[in-house]
Structure formats: structure tokens, C-alpha cells
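Coordinate inspection notes
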Amino acid sequence: MSSSEIPEAGSSADKTLKESLDKESLDNALSSNALSSNALSSNALGSSALSSNALSVGEKVGYGLGDTASNLYWKTFEFFLMYFYTDVFGLTAKSAGGMMLITRIWDAINDPIVGYLADRTRTAWGRFRPYLVWMSVPLAITGCLTFYTPDLSPSGKLAYAYVTYTLVMIAYTAINIPYGALMGVISSSSLERTSVSTYRFVAAFIGGIVVQYFTLDLVAIFGGGIDTMVVDGVEKGKVVNEQAGFFWTMVIFSMAAVILFLITFATTKERVQPESEAESTFRADLHFVLTSFKFHQIMLIGLTSLALLATALSPDTLYWILAGYLSLSVLALVVRFVALTVAGNDNHHSTFEQDFNDLLTNRPWMVLFGFGLMQLMGAFVRGGAILYYFKYYCGDAGYAPAFWVSGSFAAIAGMLLTKRLTSIFGKKKLMILMNIGVAVTTAVFILLGPEQIVWMFAFHIAASFIGGPSPVLLWAMYADAADYSEWKNHRRATGLLFSAATFSQKLGCAIGAAMTGFALDFYDYAPPIDGMDVTQSDHTKFGLCMMMSLIPAVFYVLAAACLVFYNISEPKQRQIESELQERRRQESNVVPEPS
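Quick summary incoming for the structure in this document.

Basis of the calculations
- Residues numbered from 1 in each chain as written.
- Predicted model: local features only at pLDDT ≥ 70, side-chain atom pairs only at ≥ 80, totals over all residues.
- Heavy atoms only, no water.
- Core = buried A, V, L, I, M, F, W, Y, C linked by side-chain atoms within 4.5 Å.
- Buried < 20%, exposed > 50% of the residue type's maximum accessible area, 1.4 Å probe, protein only.
- Helix = DSSP H or I, 4+ residues; strand = E, 2+ residues; numbered from the N terminus.
- Patch = residues over 30% accessible without salt bridge, like charges linked within 9 Å, V, L, I, M, F, W, Y side chains within 5 Å.
- Areas by Shrake-Rupley, 256 points an atom, 1.4 Å probe, with all protein chains shown as cover.
- Salt bridge = Lys/Arg side-chain N within 4 Å of Asp/Glu carboxyl O.
- Expected span 1.5 Å × (residues − 1).
- Phe/Tyr/Trp six-rings, centres within 6.5 Å; stacked < 30°, edge-to-face > 60°.
- Lys NZ or Arg CZ within 6 Å of the ring centre and 35° of its normal.
- Axes fitted to C-alpha atoms, helices over the stretch in contact; angles between N-to-C directions.
- Left-handed = near helix turned anticlockwise from the far one by under 90°.
- Contact = heavy atoms within 4.5 Å.
- Nonpolar A, V, L, I, M, F, W, Y, C, P; charged D, E, K, R; others polar.
- Parallel < 35°, antiparallel > 145°, perpendicular 65-115°, else oblique.
- Polar contact = N/O pair within 3.5 Å; in protein donor to acceptor, adjacent residues only side chain to side chain.

**Things to note about the nonpolar core**
The biggest cluster of nonpolar side chains holds 139 residues, and the ones touching the most others in it are Tyr 85, Tyr 389, Phe 390, Met 456 and Leu 563. It is helix H15 (residues 363–393) that provides the largest number of residues to this core, a total of 18 residues. By size, the runner-up hydrophobic cluster in this structure holds 5 residues, among which are Tyr 116, Phe 295, Phe 352 and Phe 356.

**Some thoughts on helix H4 (residues 93–102)**
Most of H4 is tucked away: 7 of the 10 residues are buried. Those residues of H4 that sit buried are Ala 93, Ala 96, Gly 97, Gly 98, Met 99, Met 100 and Leu 101.

**Here we look at a nonpolar patch on the surface**
A contiguous nonpolar surface patch, about 1,000 Å² in accessible area, is contributed by Phe 282, Leu 286, Leu 290, Leu 328, Val 330, Leu 331, Val 334, Val 335, Phe 337, Val 338 and Val 342. In terms of residues, the nonpolar patch owes the most to one element, helix H13 (residues 315–343), which gives 8 residues. As for its placement among the helices and strands, Leu 290 is situated in helix H11 (residues 282–291). Given a relative accessible area of 32%, Leu 290 falls into the partly exposed group.

**Let's talk about the pattern of salt bridges**
Counting across every chain of the model gives 9 salt bridges. The shortest N-O distance in the salt bridge between Arg 193 and Asp 483 comes to 2.4 Å. With Arg 193 in helix H9 (residues 190–222) and Asp 483 in helix H20 (residues 470–489), this residue pair connects regions lying 290 residues apart in the sequence. You can call Arg 193 buried: its relative accessible area is 1%. Its relative accessible area of 1% is what places Asp 483 among the buried residues. The salt bridge partner of Arg 585 is Glu 582, with a shortest N-O separation of 2.4 Å. One end of the pair, Arg 585, and the other, Glu 582, are both in helix H24 (residues 570–589), 3 residues apart, so they sit about a helical turn from each other. When its relative accessible area of 32% is taken as the criterion, Arg 585 is described as partly exposed. Because the salt bridges share partners, they merge into one network encompassing Arg 193, Lys 427, Asp 480 and Asp 483.

**Remarks on helix H12 (residues 293–310)**
In this model, H12 (18 residues) spans 25 Å end to end at C-alpha, consistent with the 26 Å of a helix rising 1.5 Å per residue. Looking only at H12, the buried set comprises Phe 295, His 296, Gln 297, Leu 300, Thr 304, Leu 306, Ala 307, Leu 308 and Ala 310. Just beyond H12, the residue with positive phi is Ala 312, at close to 55°.

**Remarks on the packing of aromatic side chains**
Evaluation of the coordinates by the stated rule reveals 40 aromatic pairs. On the numbers, 4.9 Å between centres and 45° between planes, the contact of Phe 79 with Trp 404 is tilted. Taken together, the residues span a long stretch of sequence, with Phe 79 in helix H3 (residues 57–89) and Trp 404 in helix H16 (residues 399–415) at a distance of 325 residues. The class of Phe 79 is buried, set by a relative accessible area of 8%. When the ring centre of Phe 265 is taken as origin, the NZ or CZ atom of Arg 129, which lies over that ring, is 4.4 Å away.

**Some remarks on the packing of H9 against H20**
Running from amino to carboxyl end, H9 crosses H20 at an angle of 145°, the nearest separation of the two axes being 8 Å. Taken as a pair, H9 and H20 cross one another with a handedness that is right-handed. On H20, the residues touching Ser 190, Arg 193, Thr 194, Ser 197, Thr 198, Arg 200, Phe 201 and Phe 205 of H9 are Pro 471, Val 472, Trp 475, Ala 476, Ala 479, Asp 480 and Asp 483. Of the residues that constitute the contact of H9 with H20, the class distribution is 7 nonpolar, 4 polar and 4 charged.

**Comments concerning unusual backbone geometry**
Unlike most non-glycine residues, Asp 524 shows phi in positive territory, near 65°. Checked against the element boundaries, Asp 524 lands in the loop between helix H21 (494–522) and helix H22 (538–548).

**A word on the packing of H12 against helix H14 (residues 351–360)**
At a minimum axis separation of 12 Å, H12 and H14 run at an interaxial angle of 60°. For the element pair H12 / H14, the angle class is oblique. When you trace H12 past H14, the crossing you get is left-handed. Residues Lys 294, Phe 295 and Ile 298 of H12 touch H14, and the partners they reach there are Phe 352, Phe 356, Asn 357 and Leu 360.

**Overview of the side chain of Lys 391**
Position of Lys 391 relative to the elements: it lies in helix H15. At 3.4 Å, the side chain of Lys 391 forms a polar contact with the side chain of Tyr 83. Residues contacting Lys 391, with those up to four places away along its chain left out, are Tyr 83, Asp 87, Asp 396, Ala 397 and Asp 533.

Structure representation (C-alpha cells):
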């Protein structure tokens, strides 16, 4: 499908939707004998609100290009970073997996900080859009450094990987959280946000297709191995310098991403403003961070869990990790005592404390946090295994790009049915059915032999098509959860909510990537020696089959189970949206009293 077809489809759907809604509102007015001037005024107001909420196709496409940029990084990490670390950079699978998890410890601090700062940013450009300009170049620089291979000792390389991967994730967070939060304020209409989300993820899949289809060819070109030569009468390909190839490929992707982020900045606008409230002071927010026992324990339990996972629950480190948790808990109590002694019970207003408490009591968000965690763990275990699977189980890594791209096109086809399927099933039921369907079509891979390439493609295409609407609905549901929080608490913290959502996504991806490394180590994967591939054992090949089938399928089923507890129905969402619009209308009509 060409990009020119996307606006036409979106415009037609929006027009049909508006006509049906206008007709429905008129029918309701007639059926309730409401043909009074008040009813007509209300109907006119509803039509006006609907019209004012409509976004142009250009803005939807412009917003979507931001996720094209993001996926030039994210899909490279998903499909190639573990391979790069093990087969190119020179790390063991276990150390690479542990590194990906340990670096997430900083995200537990970094993500809320970015959300906190974004919610409190005040510029002529808005709260979230400026970060697209400020952080696009730092992300490009750190992305290139991540795929650079320095001439260091094994321990030096591991330290370099820790530093560069941490930095690129900080930069990615600083641009992606505001970008995600931007969708929550680009329109007050849930239907418009779902439409924007569709454009966003079509554009995201385009970025993914670019990475999937062109990366290995670009690595070969920049690594000097695209040509062939004749040796003893036999035509052979040149040896590819994958270290140089991956670095210069990332340079190209990073330059393109900077341009796309700037286009998103230039074509979008922030429209939804939070309900007015008293501004907190940094002192009040700091006092909450230093004295809240609940905040301390949630952070420490989360960090301890990550440390346990990063060490694969090793008995050798279990004692030290638990001792560290207890020591830090005691330290937190000391800090709390000192802060209360010095400052007393600070009576200043802390919006961060309210944001934090609102988040913990936001049931829809908590459900989506668990759902996103499970779904991304499954996706990253499988995504990280694909290149290894075709290279060592099927015997030809050349199948991988076509496998990825065919799945992406199938996902786009499924994604374009999002609005129609949502109108039939509703978001919650559709998400549950999709994840069960993906689990079944993924589990089938355990039955396929290395020669059954056609069936591999067929089931992969089916799974991708079934799961196509999932990312669209997930981020639209996160925006609905932000509306739910504002409706329930009379205050909006879009940045913190989306930062926490992004953290759950990154945590799921990190655990999935780490599990890929741990599983490779568990199944005795043997990396190349001096650039020469090693024949893998049957045990290793069986492990690759498990990573492509039953392991991710279990996570997809768990993701579906999480959604059973999601409590925003379609009628409830319409009620929330209507009441929030009425609140904002009343607030905009309030005339301040003369001083």
C-alpha cells in the first residue's frame, strides 16, 4: 500500500463517522421530544465540538512519522542488537542479556523524571513538542556509538556496552515519552486519538520494514562484502566487516530519524490543556520523594526484582541482592527521619505526590502496564531469536529479511481494520481475542521442521495480521486511561502516565531481550570464533524452536489474561469523554472576578 492511500482511507472513515454521529444525536433528540431551543443548541454544540476535534490528515501523518523515526532505533535494537553484541561486538549471550536488564534499573528513575519534567515544561511550542527538537540529535549520536566496536579488552567492551546502551536509552526516553504523551493532548476526542494511533503505527511499521529489509544489505555494503570474487574457480562473496557495516548503517538510520522528528514537531499542535490547579514547588516534590515510605518501597522492590532477573536468580548473588534491598530500606528510613526532622511535615502542595498516587489508583493503567509487559516480553524473545533461528536451525539467514517484511505488511493490513473491528468487538474484547490468536499461530512453530519454510511464512503472516491492531489499540487505551484519571481525580498527568507506560514497554522489551540471552546460554549457544560460525548442537536448535514458539505463546496468553481486569467499557469511555468536554467548556466560560 502506498503512502498516498493512507490519507484517503482516513478521510473517508472520519467523514462517515461524523455523519453517523450527527445522525445519531439528531435521532436521540427526536426520540426524546427534545425539539426545544435548548436541545437544538445542545445538538449544534455537539456538532461544533465534533468538528473542532477533527484533525487534518497532514497532522496525523506528521505525527506518525515520529514513530517511523523511533522505530529506526527500536526495531534495530529488537532484531539486531543481541546478534550484534554476541556475533559482532564480542560479548557472551549471558553478559549481553544481563547488561540489558541491569541498565533498566536507571530507567526506573529516568522515566518518571522525564515524565515529571515534560508535564511541567512550559514553552511557546507546548509541553511535549519541544523535546522532539531538543533530543533528536543526542539520540542520533548515542545510537551510533552503541553500534560502534572499540578496540578494547573483553571487560573494556562490556563496560563500553553498559555506558553506550544506558546513554542511548536515556536519550530514547527523553524523546519518546514526550512524543507518546503528545498523542494524549493532540485531541480531546477518543475516536480522533484512535485514528491518530492508526496513522502512527502504520508509519511505525514502515520504519520497521526499512530496518528489517535493508539492514543486512546495508551492513554488507558498508562492510565491503556485497561484491563477489572467484577463488580457485569458485564464486565467493567477500568477507563482510560487520563491525564497520553496523556502525555506518546506524549513522544512516540516525540521520533519517532526526529529519523525521523535526517534521513531526513542525506539523503537530497541542490542544488539550490540563485542568487548572495550584502549582507545586520543587521543594514540596522533593519532600515527598524523601519522606514517602510507599514511594521508597515500590522503587526498591522494583530495582531488586530487576537485579534478581538480571542475574537469572543465581544463588551466588541472591544473598547479596536481598542484603542490598534491606540495607537500602534502612537507608531510606534514615533519610525519611532526617527529612522529617529538618523540614517537618511540609504543607506545600506537591503535584508529583498526587500524580504518583493517581497512577497507583488508576486501575486501567495498572492493567495495561501488566498487559504491555507480558506482550513485549513475548515479542522480544521471539524477535531476538528470528535471525538465530534461520541462520542455525534452517541453515540460511537470508530468509530473515523476507520473513520480517512479510509479517510487517500483514500487520499493516490488520491494522487498517482497527476501527471496523473495534466498532464490532470493542477495544477490550478485541485485544483479548487477538492475543489468543497470536499465541496459537505462534505456538505452531514447535511442530515445523527446518525445511518447512513456506509454513513458517504462512503462520508468521497469520500471526502478524491477527495482531496488527494491537499496538494501535494499546496506545489509544493508554490515552483513555489518562482521560479516566482526569475524570476521576479532576487533574491530568499525561507525561507521567505515558512515561510509566513507556517504562513498562521498555521493561518488557528488556526482560524479553535478556531472556533471549539467558535462553541462548541455557541451550548452549556457541558464538562465532574469529568470525567463523560454529555448528550448533541439536539441543541448541531445539532451544531456538522453543524461543520461536511456546515461550512467546505463553506470554501472549498471560497478556490476554491481564485484560480481563480492564474496566473502561465503550459506553464508559463515551461518558468520560462527554463529561470532560463539558468540564473544559465550563472552565473556558468562567470569567475571573475583578481584583
